[in-house]
Amino acid sequence: MGKFAGWLAAVLGGIALAIIATTPPSPKSAATAMTAFSAERAMSDVRRVASAPHPTGSAENEKVRGFLIARMQALGLDVSSSSAGLVDARGTAKYARWTGHAEPPKPLINLIGVLPGQDRSLPAVMLMAHHDTVWGSPGAADDTAGVSATLEVVRAIRAAGQPRRDLVVLFTDGEELGLQGARAFFAGNPLRLKVGAIVNMEARGGGGRTAMFQTSPANGAAMALFAQHVARPSAGSLAVFLYRILPNDTDLTPTLKGPYTSYNFAFIGRSALYHSPRATPDRLDRGALQDMGDQVLGLTNGLLAADALPGRAPDAVFFDLFGFGLAIYSVWTGWIMLGLAGAGLVMALRSNGVAGLGTGAARMTGLIALAAALLYAFNWLSLKAGPPNYYDRLAAIPRLEALSLLVTGAAVALVLASWKPGKAGAVGAALPLVVLGIVAQALAPTAAYFVVVPLALVGLSLVIADRLRVAIGFGLLAMIGALVSGYMLALAHQIMQGVGATLPMLTALPLAIAMLALLPLWPQLPRRTARLTGGVLLLAAAGLALSVRFAPLADTVAAYADTKH
Ligand SMILES: [Zn+2]
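Just so we're clear, the structure is a prediction, and the values are computed from it rather than from any experiment.

> Could you clarify how one ought to interpret the pairing of strand β6 (residues 207-215) in this entry?
Regular strands show a simple pattern: their side chains alternate between the two faces of the sheet. The buried fraction of β6 is high, at eight of nine residues. As judged from the six bridges shared by β6 and strand β7 (residues 261-269), these two strands associate in the antiparallel manner. Looking at β7, one finds that Thr210 is bridged to Phe267.

Below is the structure:
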């Protein structure tokens, strides 16, 4: 057992950090200070708004709009509603699929509220969420959480006194039919010219941490303000980068070509509840709502009080440190980190020789390739016959996440477990990731941190650990192992929640980086034990994949839903 102690300490520390990073805050009670956000206070609006499905043009939607207008007026907003025109052809076709008849939906109606600031000539800050739902879902999360968080944020801001600049609330219509209300507002409503910054709130599930996952282009100054005012952030420039290249729309999309400084928040946990008839207020994760409110309130207070709203500045690299704060730096810092990593790895080689370097590089390349191939194969095995049902696959994500753990565990057992790398072997294992880091830093510098930062930490720790007393050096390696594996576990969880139903292969990279940091602590297993472990894990994975494949359609999937979303 003794030889496993360092490795176990690092892994358990990593698991603890990953749990901290991915767990939303506790919901605050209604007795919380009036200038703070309380999920319990927001829940009274969630219960009213999400008591029934309220798609565009329905009688329920009209009731919800009436309720929201009264709530906005009670909060001191100057309320108007504006016609956002007719639903376009694509939206009308989607509506026909919902209702089963060809009659087009009624004209769209956005709700607008303005809380006047002390200086009405300053550019305003806008909070945005959509008041419509899909057909058949009460939408307690999507987007009632955003609507109700907006109301509670406005209340908390007013409780702190009149803000410096105007605060605008926009509750859009027809988001679920193709961002119809937002498109109309940002194409023609005169109030759009008064707005300088936009904060949008969304949900693609029923819980989990709320992440700030998208910004307007050139976000350096915008993120500096975010870092200063959000106490428990969940954000990463990797997500911002991915969201720029992967098409996926929210109401923020029509604003991105405009002159606005913007931020987009969403939670995507409990993914079975996305667009589900079961997305009721009782099933909404109040921690996710609290998380959304805390972050949006902090950010909005910062924007409202700023001398000038943040303008365009070169994109920043940023990521939250397990939720405890935001690391933020400019892209060239990544090259310095790569330099440090390189220097550390070279020094480790100079004092230990190069024997085993090639084996290390081959093992790491093999691990990434085998893990990705197995993840692809077992994901395929988990697919039901016929075209995949998008919502059924979302509902399977927790099981697919367990599947990924089993499969990547098997790859580790088969490729690494019986190997004792030595220093040169560990350096060799870093080499494929150094190549990846250089390519990422050159082509996508805001996304490269997830490999560049661990490389710098591992490179330096390999050198420093040699120069310390054995026990202290071991402690340092265990600490780096915990930090890196914890971050990678949380990242893999986010990847699985985001795209795990189609692209679980992506988790091979965080796995490889976590293993690199844990490698110096690995006690080595006998070859037979390693192979046996790998085989058992693969058998368990096959069983789990087949159980997903042959499970009936998830009971959270709406009866009307087709495979499109
Ligand atoms: Zn939505």
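> What is the right way to look at the domain arrangement of the chain in this model?
Where interface size is given, it is often the accessible area lost as the parts come together that is meant. You can read the domains of the chain as domain 1 (23-329) and domain 2 (331-549). Distance between the C-alpha centres of domain 1 and domain 2: 36 Å. Contact with domain 1, which involves 19 residues of that partner, is made by 21 residues of domain 2. Both faces considered, domain 1 and domain 2 share a buried interface measuring about 1800 Å² in area, 68% of it formed by carbon and sulfur atoms. At the boundary of domain 1 with domain 2, the tally comes to zero salt bridges. When contributions to the side of domain 1 that touches domain 2 are tallied by element, the ones reaching two or more residues are α8 (237-245), β7 and β8 (316-320). Within the side of domain 1 that touches domain 2, the residues separate by chemical class into 11 nonpolar, five polar and three charged.

> Explanation requested: the pattern of salt bridges in the structure shown.
It is possible for side chains of opposite charge to pair when their charged atoms get near one another. Under the counting rule described, the total for this entry stands at 12 salt bridges. Its salt-bridge partner being Arg71, residue Asp45 comes within 2.8 Å of it at the nearest N-O pair. With Asp45 in helix α2 (residues 39-49) and Arg71 in helix α3 (residues 59-74), this pair connects stretches of sequence that are 26 residues apart. Exposure remark for Asp45: the relative accessible area of 3% places this residue in the buried category. Two residues, Arg164 and Asp307, come together in a salt bridge whose shortest N-O distance is 2.8 Å. One end of the pair, Arg164, is in the loop between α5 (144-159) and β4 (167-172); the other, Asp307, is in the loop between α9 (286-305) and β8, with 143 residues separating them in the sequence.

> Please clarify how the coordination of the zinc ion should be interpreted in this entry.
Octahedral six-donor coordination of a metal ideally yields angles of 90 or 180 degrees, compared with 109.5 degrees for tetrahedral four-donor coordination. The zinc ion binds to the protein through His130 (NE2), Asp142 (OD), Glu202 (OE) and Glu202 (OE); the donor distances cover 1.9 to 2.5 Å. Geometry at the zinc ion is irregular, judged from its four donor atoms and the angles of 55 to 145° they form at the metal.

> Please explain the sheet that holds strand β3 (residues 124-130) as it appears in this structure.
As a general point, the strands of a sheet are linked pairwise by backbone hydrogen bonds and lie either parallel or antiparallel. Pairing within the open sheet is mixed, and its seven strands lie in the order β1-β2-β4-β3-β5-β7-β6. Here the strands that pair on one side only, and so sit at the sheet edges, are β1 (78-83) and β6. Neighbour to neighbour, the strand axes of the sheet diverge by 20° on average, direction disregarded. One ladder, built from five bridges, connects β3 with strand β5 (residues 195-203); its direction is parallel. Looking at β5, one finds that Val125 is bridged to Ala197.

> Would you mind going over the nonpolar core with me for this structure?
One recurring pattern in soluble globular proteins is that nonpolar side chains are buried together. Core analysis: the biggest nonpolar cluster contains 87 residues, and Leu367, Leu403, Leu416, Tyr449, Leu455 and Leu516 have the highest contact counts within it. When residues of this core are assigned to domains, at least three fall in each of domain 1 (23-329) and domain 2 (331-549). Contacts of Leu416, omitting those with residues within four sequence positions, involve Arg363, Leu367, Ala411, Met515, Leu519 and Trp522. Among the nonpolar cores identified, the runner-up in size contains 60 residues, and Met43, Phe67, Leu77 and Ala140 belong to it.

> What exactly am I supposed to notice about the packing of α5 against α9 here?
Geometrically, a packed helix pair is captured by the angle between its two axes and the distance between the axes. Their axes nearest at 9 Å, the elements α5 and α9 cross at an angle of 45°. On the basis of their axis angle, the class for α5 and α9 is oblique. The element α5 and its partner α9 pack so that their crossing is right-handed. Listed contacts from α9 to Ala145, Gly146, Ala149, Val153, Ala156 and Ile157 of α5 are Leu289, Met292, Gly293, Val296, Leu297, Thr300, Asn301 and Leu304. A class-by-class count of the residues in the contact of α5 with α9 yields 10 nonpolar, four polar and no charged.

Here is what the cut-offs are and how they apply
- Residues numbered from 1 in each chain as written.
- Predicted model: local features only at pLDDT ≥ 70, side-chain atom pairs only at ≥ 80, totals over all residues.
- Heavy atoms only, no water.
- Buried < 20%, exposed > 50% of the residue type's maximum accessible area, 1.4 Å probe, protein only.
- Helix = DSSP H or I, 4+ residues; strand = E, 2+ residues; numbered from the N terminus.
- Pairing = 2+ DSSP bridges.
- Domains from an automatic or database assignment.
- Contact = heavy atoms within 4.5 Å.
- Buried area = accessible area lost by both parts, 1.4 Å probe.
- Salt bridge = Lys/Arg side-chain N within 4 Å of Asp/Glu carboxyl O.
- Nonpolar A, V, L, I, M, F, W, Y, C, P; charged D, E, K, R; others polar.
- Donors = N, O, S within 2.8 Å, 3.2 Å for Na, K, Ca; no water.
- Tetrahedral: all angles 85-135°; square planar, octahedral: opposite > 155°, others 65-115°.
- Axes fitted to C-alpha atoms, helices over the stretch in contact; angles between N-to-C directions.
- Core = buried A, V, L, I, M, F, W, Y, C linked by side-chain atoms within 4.5 Å.
- Parallel < 35°, antiparallel > 145°, perpendicular 65-115°, else oblique.
- Left-handed = near helix turned anticlockwise from the far one by under 90°.

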